[in-house]
Amino acid sequence: MIEEKEARKITDAILARCKGNPAEVTLLTLDSALTRFANNIIHQNVAERDAEISLRFMIGKKIGTATTNRLDQAGLDELVERARINAQASPEDPNYPGLAEPASYKKVNARDADTASYSAENRAKAVGVVCRMAVEKGLNASGAFSTGSGDTVVANSQGVFAYHSMTSADFQTVVMSNDSSGRTQESAWKVDELDVESLGRQAIDTAGRGHNPVKIEPGEYTVILEHYATEDLLASLNFYGMGAQAVQEGHSWMNDRLGQLIMSPQVSIWDDGCDSTGAPLPFDFEGVPKQKVDIIKQGVVMGPVYDRYSAAKEGKASTGHATPINFRGFGPIAAHLFMGTGDATVDEMIKATQKGLYINRFWYTRLMHPRDCVITGMTRDGVFMIQDGEIAYPVKNLRYTMPYIQALANVEAVGKTSYLLIGEFGGISSRVPALKIKGFNFTGSTV
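Residues numbered from 1 in each chain as written. Predicted model: local features only at pLDDT ≥ 70, side-chain atom pairs only at ≥ 80, totals over all residues. Heavy atoms only, no water.

A. Structural view of the overall build of the chain. Along its length, the chain carries 10 helices and 17 strands. Taken along the three principal axes of its C-alpha coordinates, the chain extends 70 × 55 × 35 Å. When burial is assessed residue by residue, the chain has 54% of its 447 residues classed as buried. Intrachain contacts of the chain at a sequence separation of at least 6 include 73% that bridge at least 24 residues. For the chain, the exposed surface amounts to about 19200 Å²; the carbon and sulfur share of it is 48%. Seen as two clouds, the 45 positive and the 53 negative side-chain charges of the chain have centres 2 Å apart. (Helix = DSSP H or I, 4+ residues; strand = E, 2+ residues; numbered from the N terminus. Buried < 20%, exposed > 50% of the residue type's maximum accessible area, 1.4 Å probe, protein only. Contact = heavy atoms within 4.5 Å. Areas by Shrake-Rupley, 256 points an atom, 1.4 Å probe, with all protein chains shown as cover. Lys, Arg positive; Asp, Glu negative; His and termini not counted. Charge placed at Lys NZ, Arg CZ, Asp CG, Glu CD.)

B. Quick peek at the sheet that holds strand E5 (residues 161-176). Reading across the sheet, the six strands line up as E3-E2-E1-E4-E5-E6 and stay open at both edges, with antiparallel pairing between neighbours. The open sheet has two free edges, formed respectively by strand E3 (62-68) and strand E6 (181-188), since each of these has just one partner strand. Averaged over all pairs of adjacent strands, the angle between their axes in this sheet comes to 15°, without regard to strand direction. With 16 bridges connecting them, strand E1 (residues 23-38) and strand E2 (residues 41-59) associate as antiparallel partners. Paired with Ser32 across the two strands is Glu48, which belongs to E2. (Pairing = 2+ DSSP bridges. Axes fitted to C-alpha atoms, helices over the stretch in contact; angles between N-to-C directions.)

C. Examining the side chain of Thr147 more closely. One can find Thr147 in strand E4 (residues 140-156). Within the structure, Thr147 has its side chain in polar contact with the side chain of Arg123 (distance 3.2 Å). (Polar contact = N/O pair within 3.5 Å; in protein donor to acceptor, adjacent residues only side chain to side chain.)

D. Quick peek at helix H1 (residues 4-17). The first and last C-alpha atoms of H1 sit 20 Å apart over 14 residues, in line with the 20 Å expected at 1.5 Å per residue. Within H1 the residues assigned to the buried category are Ala7, Ile10, Thr11, Ile14, Leu15 and Arg17. Relative to the axis of H1, the buried residues are bounded by an arc of 160° and lie together on one face. Those residues of H1 that are exposed and angled more than 90 degrees off the buried face are Lys5, Lys9 and Ala16. The secondary structure elements touched by the buried residues of H1 are E1, E2, helix H2 (73-89), E4 and E5. Just beyond H1, the residue with positive phi is Lys19, at close to 55°. (Expected span 1.5 Å × (residues − 1). Arc of directions from axis to C-beta.)

E. Just the environment of Met176, in detail. Relative to the elements of secondary structure, Met176 occurs in strand E5. As a C-alpha pair, Met176 and Ser142 span 34 residues in sequence and 8.5 Å in three-dimensional space.

F. Structural view of the pairing of strand E13 (residues 374-387). In terms of burial, E13 is largely enclosed, as 12 of its 14 residues are buried. Judged from the 11 bridges that link them, strand E12 (residues 355-369) and E13 form a sheet pairing that is antiparallel. Residue pairing for E13: Phe362 is matched across the bridge by Thr379. Examined bridge by bridge, E13 and strand E15 (residues 398-403) share five bridges and lie antiparallel to one another. From the neighbouring strand, Met378 faces E15, where its bridge partner is Arg399. In this structure, E13 lies alongside strand E14 (residues 390-394), joined through four bridges in antiparallel fashion. Each bridged residue has a counterpart across the sheet, and for Phe384 the counterpart in E14 is Pro394. Taking the residues that link successive antiparallel strands as the turn, the E13-E14 hairpin has two residues, and the phi of Asp388 there is positive, at about 55°.

G. The packing of aromatic side chains, seen in detail. Under the defined criterion, the tally for this structure stands at 14 aromatic pairs. Where Trp363 meets Tyr364, the ring centres are 5.8 Å apart and the plane angle is 50°; that geometry is what we call tilted. Its relative accessible area of 33% is what places Trp363 among the partly exposed residues. According to the relative accessible area criterion, Tyr364 is partly exposed, its value standing at 47%. Taken together, Tyr221, Phe362, Tyr400, Phe440 and Phe442 form an aromatic cluster joined through their ring pairs. Positioned over the ring face of Phe384 is Arg209, at 4.6 Å from the centre of the ring. Sitting over the face of the ring of Tyr364, Arg366 holds its NZ or CZ atom 4.5 Å from the ring centroid. (Phe/Tyr/Trp six-rings, centres within 6.5 Å; stacked < 30°, edge-to-face > 60°. Lys NZ or Arg CZ within 6 Å of the ring centre and 35° of its normal.)

H. Quick peek at the side chain of Glu24. Structurally, Glu24 is set in strand E1. Among the polar contacts made by the side chain of Glu24, one reaches the side chain of Arg328 at a distance of 3.4 Å.

I. Highlighting helix H4 (residues 120-136). With 17 residues, H4 ought to run about 24 Å at 1.5 Å a step, and its terminal C-alpha atoms sit 24 Å apart, in line with that. Turning to H4, its buried residues number three or more, namely Arg123, Ala126, Val127, Gly128, Val130, Cys131, Met133 and Ala134. Looking one or two places after H4, you find Gly138, whose phi comes out positive at around 70°.

J. Layout of the environment of Ser310. Relative to the helices and strands, Ser310 resides in helix H8 (residues 308-313). Setting aside chain neighbours within four positions, we find Ser310 in contact with Ala244, Gln245, Gln248 and Pro332.

K. Structural detail: the pattern of salt bridges. Taken as a whole and judged by the stated rule, the model has 18 salt bridges. Between Glu24 and Arg56 there is a salt bridge, with the nearest N and O atoms lying 3.1 Å from each other. Here Glu24 is found in strand E1, whereas its partner Arg56 is found in strand E2, with 32 residues between them in sequence. Here Glu24 and Arg56 have matching classes, each one buried. (Salt bridge = Lys/Arg side-chain N within 4 Å of Asp/Glu carboxyl O.)

L. Summary view of the nonpolar core. Core analysis: the largest hydrophobic core is formed by 46 residues, its most contacted members being Trp253, Ile295 and Leu357. No other element matches the five residues that strand E17 (residues 429-445) contributes to this core. (Core = buried A, V, L, I, M, F, W, Y, C linked by side-chain atoms within 4.5 Å.)

So this is what it looks like as structure tokens:
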């Protein structure tokens, strides 16, 4: 952890070296630890402490960037000089809107002392319980339990200074037999909110019930998707069209659909970096305050998220969704997604299904066409046939091709509980429920 006073001292020193040129600094610190296990044995405890500084340096409308993890004086000198050289060598960007102006930020607590100081011994105890349960069932558990803390700092030559400190915890495990598997994951910024034993038990139960899976015919099925699969739906919609740059370039699923009902009225999706039930960060990487943005409201497309660059093209204000300097070319992204909950449990969804499939998660999903966010992918870690309102038997993994827009239009029920998952890319978080969807198209088995 870096204290706010020390962070300001570092960013001030960098901006002073820019000698009057417009500049923007991002300082990210990380103090994390991880316990990794495989074959029911802990085989690795690792810890990492790092600080990364990224700089945008402007000469008129020419922009240069540079990154370092050296905080000594010589390292800062080199950072500024490299960014300056890169700016000199860059073409002018006529659409460059300038730097953000100073703003006030909502105070959002996202730091937990117990999580920041969580020991390797505590992680090992929790992992050990899962491994012993797997051994008792003749199964093989692997996975990781991570805890840590970090700071995000943004400052610029216009007077912006934004500081936020946070903690994080994540547990995930895959439990396998020779012909079945189960996987669970959950994230939180308070480690005490993770029930590791329960997560392990769920994965073990899924793997235990998955023996001798049956190959079924391809076709359209009603599906009950666990929240892990729901997260893939949101992540795909996010990466392939929730940002204004994708809309402006004409390859978003939102194009020509703003204000239209394209999903089930049960579906509402929004982004909110100030909601403490997610993984909050109250400002973006330009120092613009985050705000809640409705993306889908009761099935209606409300609009994309903006950074300053994309907003300026439409004469709008940024919604606070700029990405880190090194990813700025991808455009704005929704980093704190939520899907509204419904009133059904997964068990109730199953009981109300005459014939269908229960699916734990998707994997290896890839975009086929952006217009309807057509995705091809595979099931993994637990697929079961539902007959007459009950789980009947395990099914071999399936390949599917499905427009995710159509999938969310076909939603019949939404889970009453949502779960937080934090992805690896950029720390993008999603709090999502389970879903019941009719007419999900499967093209065949994967084996």
